[in-house]
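# Architecture at a glance
Here's the letter readout for the chains.
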Amino acid sequence: MLRPEQVRYFDNNATTAVAPEVIEVMLPLLKDHWGNPSSAYTFGNQVLKYIDKARCQLAEMIHAEPTEIIFTSCGTESINSALHHALKAQPGKRHIITTAVEHSATLNYCQFLRRNGCDVTFLPVDSGGQLDLELLKKTMRPDTAVVSVMYANNETGVIFPIPEISAICRNRGALMHADAVQTPGKLKLDVGDLGVDLMSLSAHKLHAPKGIGLLFARQRGKFHPYIIGGSQERNRRGGTENAAGIVAFGKAAELAVSRLADENTRVRALRDRLEKSLLESIPHAHRNGQAEPRLPNTSSLAFDQVEAEAVLMMLDQLGICASSGSACTTGSLDPSHVLTAMGISAARARGSVRFSLGVYNTSEDVDFLLHHFPKIIQRLRAASPE
Ligand SMILES: *Cc1c(COP(=O)(O)O)cnc(C)c1O
């Protein structure tokens, strides 16, 4: 088994290391305070004060009210719930607008809704990965229930103009949902400034464990739950609370806010050095997507005449973790739907590698990568039939 000390981790958009500070705050809930928060006795309901604190920490990170936060099991559940609620809350409306470059949590749920009688429009993006807001305006219909777009793309890091999109939705009476899973600790998050009605987050992308997510739902009429069961989360999401996960998520939110500056200066500089150096030292290499606005940690690069899967295998032998496309589609030979939507050829998309850095990356990690990567490309190109 590989130990974390043995790897150079450049895949923070897939998942992140759990911060030691986060593990610390979880332990009391696993060891001692394991009662059911809904119990009548103190041993159970004393757990509620931990959950309340975490809800406040998360509310603070996104500038929301604590009551506007619904804990879920993951980003995928949050996204599915947001779309489900948007349709249930507006029974006459059956049209959804999303984009061609969303995460599979959105794309595949929208395909499911389409098979069940909804109309779904998948907006295209330009070669830089950006949306055309004039086209969005033209696509809006009186029966558009919700517009669901990502704040930042997990493959390219490209940032969509959420405040402008929210304003368009408000004018047309549609709800606005943002998949902001990639943004905590990287971008400032203020649901007021963003103008969103619904927003999804996932703890494992910000140095907390897997199995916990949240949906921000602006207070505005009844919320229509997706998971129906007990009265947890004020009847908005059934299921006994994942108290340890919630507490971890709360602490991770606090850390994310405190590390925003590091991510936008030191990590951004590491990303820029990595990207610039690879593009300069390797012929026929290209950046996928616009340079700005873009997440400070993400770089998607295409290398002609190689297969990314072969590159990743050689990186793996050196203990370097990176990815082609998203982790959710690795293993399929289809080129990335994100890169394809940007008009990138299937061949170039299949030669694309995503590097996503994080606060635990060091300058030495980047040096190590830069030392080995050009040689890998050279070796693969020399061995390729063309
Ligand atoms: C990881 C990710 C998701 C899914 O979150 P899970 O918690 O893994 O279900 C959704 N959207 C984006 C942009 C992501 O990066």
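One can find the structure itself at the top, above this paragraph.
Attention here is on the structure that accompanies the text.

Definitions and limits used
- In this numbering scheme, every chain counts its residues from 1 along its sequence in written order.
- Local features in this predicted model are restricted to residues of pLDDT 70 or higher, and side-chain atom pairs are both shown and tallied only at a pLDDT of 80 or more, whereas totals for entire chains, interfaces and linings draw on every residue.
- Only hydrogens and water are removed before side-chain values are computed, so all heavy atoms of the structure are retained for them.
- Throughout this document, a residue counts as near a molecule or strand when at least one of its heavy atoms sits within 4 Å of that molecule or strand.
- Two N or O atoms count as a polar contact when they lie within 3.5 Å, although within protein this holds only if one can serve as hydrogen donor and the other as acceptor, and sequence-adjacent residues are included solely when both atoms are side-chain atoms.
- Calculation of accessible area relied on Shrake-Rupley with a 1.4 Å probe; when residues are assessed, cover is drawn exclusively from the protein chains displayed.
- Secondary structure elements follow DSSP: runs of H or I of four or more residues count as helices, runs of E of two or more count as strands, with numbering from the N terminus.
- In this classification, the charged set is Asp, Glu, Lys and Arg, the nonpolar set is Ala, Val, Leu, Ile, Met, Phe, Trp, Tyr, Cys and Pro, and all remaining amino acids, among them Gly, are polar.
- Note on ring pairs: Phe, Tyr and Trp rings are taken, using the six-membered ring of Trp, and paired if centres are within 6.5 Å. Classes follow the plane angle, with under 30 degrees stacked, over 60 edge-to-face and the rest tilted.
- The buried label goes to any residue with under 20% of its type's maximum accessible area, the exposed label to any with over 50%, and the partly exposed label to all in between, with areas taken from a 1.4 Å probe on protein chains only.
- Should DSSP find at least two bridges between two strands, the strands are regarded as paired.
- Each cavity reported here is a set of points on a 1 Å grid over the protein atoms alone in which a 1.4 Å probe fits but cannot get out, each pocket an open set with protein on both sides within 12 Å along at least five of seven lines, and each lining residue one with an atom within 4 Å of a point.
- Grid points are joined across faces, edges and corners, and a volume is the space filled by probe spheres set on the points.
- Think of each axis as a best-fit line through the C-alpha atoms, taken over the contacting stretch in the case of a helix, with angles from 0 to 180 degrees between the N-to-C directions.
- By the definition used in this description, the sense in which the near helix is turned from the far one sets the handedness, with an anticlockwise turn below a right angle giving left-handed and a clockwise turn giving right-handed.
- Whether two residues are in contact is decided by their heavy atoms: any pair within 4.5 Å suffices.
- What makes a salt bridge here is a side-chain nitrogen of Lys or Arg within 4 Å of a carboxyl oxygen of Asp or Glu, nothing more.

Around the ligand, 13 residues are found, and the nearest of them are T76, D179, Q182, S202 and K205. In the environment of the ligand, an oxygen atom lies 2.8 Å from a nitrogen or oxygen atom belonging to the backbone of G75. In the complex, 91% of the free accessible area of the ligand, which totals 380 Å², lies under the protein chains. Top element by residues in the shell around the ligand is helix 4 (residues 75-89). It accounts for three residues. Across the shell around the ligand, the residue classes tally to four nonpolar, seven polar and two charged.

What follows is about the packing of aromatic side chains. Enumeration over the complete set of coordinates arrives at six aromatic pairs. Both rings, one in Y109 and one in Y226, keep their centres 6.0 Å apart while their planes meet at 80°; by these two values the pair is edge-to-face. With Y109 in helix 5 (residues 104-115) and Y226 in the loop between strand 8 (213-217) and helix 9 (232-235), this residue pair connects regions lying 117 residues apart in the sequence. Summarising the aromatic geometry, the rings of F355 and F373 are spaced 5.5 Å apart at their centres and angled 75° between planes, so their arrangement reads as edge-to-face. Here the residue F355 occupies a position in strand 12 (residues 352-356), and F373 occupies one in helix 15 (residues 363-383), the gap between them amounting to 18 residues. In this structure F373 comes out as buried when scored by relative accessible area, which is 0%. One aromatic cluster is present, built from ring pairs that chain together Y109, F112 and Y226.

Within a regular strand, the side chains alternate between the two sheet faces. Along strand 12, five of the five residues are buried, which leaves the element largely enclosed by surrounding structure. What you see with strand 12 is no split at all: S352, R354 and S356 on one side and V353 and F355 on the other are buried throughout. Relative to strand 12, strand 10 (residues 298-303) runs antiparallel, the two being bridged by five bridges. Bridging from a neighbouring strand, T298 pairs with S356 of strand 12.

Moving on, we get to empty space enclosed by the protein. Taken as a whole and assessed by the stated rule, the structure comprises three cavities of 30 Å³ or more. By volume, the largest cavity is sized at about 160 Å³. Surrounding the largest cavity, 18 residues form its lining, P184, K205, L206, H207 and E263 being those nearest its centre. For the lining of the largest cavity, the leading source of residues is helix 10 (residues 243-258), giving three residues.

Let us look at the packing of helix 4 against helix 5. Look at helix 4 against helix 5: their axes get within 9 Å of each other, and the N-to-C directions meet at 35°. As helix 4 packs across helix 5, the resulting crossing turns out to be right-handed. Where helix 4 abuts helix 5, its residues T76, I79, N80, L83, H84 and L87 lie against A105, T106, Y109, C110 and L113. The residue makeup of the contact of helix 4 with helix 5, split by class, is seven nonpolar, four polar and no charged.

Okay, the layout of surface pockets next. Computed from the structure, the largest pocket encloses a volume of approximately 470 Å³. If you trace the largest pocket, you find 19 residues lining it, with P4, V7, Y9, T16 and A17 closest to the centre.

What follows is about the pattern of salt bridges. Applying the stated criterion across every chain, the model contains 20 salt bridges. R294 is the partner of E275 in a salt bridge, and the nearest nitrogen-oxygen pair spans 2.9 Å. In this pair, E275 sits in helix 11 (residues 260-281) while R294 sits in the loop between strand 9 (285-287) and strand 10, placing the two residues 19 residues apart along the sequence. In this structure E275 comes out as buried when scored by relative accessible area, which is 7%. Take R294: its relative accessible area is 3%, and that puts it in the buried class. Note that D304 is salt-bridged to R348, the shortest N-O span being 3.3 Å. Residue D304 is found in the loop between strand 10 and helix 12 (308-317), and its partner R348 is found in helix 14 (residues 346-350); the two are separated by 44 residues along the sequence. Accessibility expressed as a relative area gives 17% for D304, which makes it buried.

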